[in-house]
Amino acid sequence: MEKTVQLYEGKAKKVYATDDPRYVIVSYKDDATAFDGTKKGTIRGKGAVNNRMSNFLMQKLAEEGVPTHYVSEINDRETVVKKVEIVPLEVIVRNVSAGHFASRYGVEEGIVFDEPVLEFSYKNDDLHDPLLNTSHALALKLATREEIETIRFMALKVNQVLKAFFAQCGVNLIDFKLEFGRLPNGEIVLADEISPDTCRFWDAKTGEKLDKDRFRRDLGNVEEAYQEMMRRVFGEQA
Ligand code: UDP
């Protein structure tokens, strides 16, 4: 499948049309942003890590019954995915307190929750992605009640599968963000990416952060953390 025109350029990815209207090609960049785009940088090799890891995890999730947008990997940075209409919700699942949960509610990071916390933000850069609940989402007509129920169910299933998988890799899955899309027939599928940009990964033994927090918080060894996560997921052949 060939790229035709560029449809969109986001902070970390470009999206191209193809000769088939059902599909688009996503191209992952090494660019990194944080804090609402105010911090900018480059993480060498990130595009390839995120592309390959996300594709691997999406295939694993599909095997476990979670429908996704994934179609096929073209090369290290580029993937064919189903064209969807993105539901403008950022769906965050948390197993352990960190990031905005800790700052917003005034608790320390590292509190293990008895059950996962599910949270929605309105995906809107101008408004800085405000936190919202189901009734807000319904009032704003961001999704139907049925779609929100499906998204909630799928997000919790994704958490079960990923938490167990990363545990085998010696990694604690602290929290992550998902996005969902609508296919032309109305079916909801998992979209966007699952990567060290969108998840918090802490080494199970040492607690070392192996994700984008190394960039956000200037912790150093950013590239190394992304490569380490590749090794954890793919083994030494990564
Ligand atoms: N996250 C993301 N994109 C966003 C906001 C959050 O991928 O625009 C991810 C983030 O990497 C973390 C989880 O969602 O794994 C929870 O993030 P949080 O709400 O704590 O916000 P953050 O501190 O990351 O801004």
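Preceding this paragraph is the structure being described.
Below, the structure is looked at part by part. The structure displayed is predicted, hence computed values, not measured ones.

Conventions adopted
- Residues numbered from 1 in each chain as written.
- Predicted model: local features only at pLDDT ≥ 70, side-chain atom pairs only at ≥ 80, totals over all residues.
- Heavy atoms only, no water.
- Near = heavy atom within 4 Å.
- Polar contact = N/O pair within 3.5 Å; in protein donor to acceptor, adjacent residues only side chain to side chain.
- Areas by Shrake-Rupley, 256 points an atom, 1.4 Å probe, with all protein chains shown as cover.
- Helix = DSSP H or I, 4+ residues; strand = E, 2+ residues; numbered from the N terminus.
- Nonpolar A, V, L, I, M, F, W, Y, C, P; charged D, E, K, R; others polar.
- Phe/Tyr/Trp six-rings, centres within 6.5 Å; stacked < 30°, edge-to-face > 60°.
- Buried < 20%, exposed > 50% of the residue type's maximum accessible area, 1.4 Å probe, protein only.
- Lys NZ or Arg CZ within 6 Å of the ring centre and 35° of its normal.

Time to look at the site of the ligand. The environment of the ligand is made up of 14 residues, and the closest members are Arg94, His100, Asp175, Arg200 and Arg216. Interatomic distance of 3.5 Å between a backbone N/O atom of Asp197 and an oxygen atom of the ligand. Note that an oxygen atom of the ligand is positioned 3.4 Å from one of the backbone N or O atoms of Thr198. In the complex, 81% of the free accessible area of the ligand, which totals 500 Å², lies under the protein chains. For the shell around the ligand, the secondary-structure elements that each account for two or more residues are strand S9 (89–96), helix H2 (99–105), strand S12 (171–182) and strand S14 (199–203). Class assignment for the residues of the shell around the ligand results in 4 nonpolar, 3 polar and 7 charged.

Here we take up the packing of aromatic side chains. Tallied over the entire structure, the rule returns 6 aromatic pairs. Ring geometry for Phe166 and Phe201: centres 4.6 Å apart, planes at 45 degrees, overall tilted. With Phe166 in helix H4 (residues 145–168) and Phe201 in strand S14, the pair connects residues that are 35 residues apart, well separated along the chain. Exposure remark for Phe166: the relative accessible area of 0% places this residue in the buried category. Lys39 extends its terminal NZ or CZ atom over the ring of Phe215, reaching a point 5.2 Å from the ring centre. When the ring centre of Phe234 is taken as origin, the NZ or CZ atom of Arg52, which lies over that ring, is 4.9 Å away.

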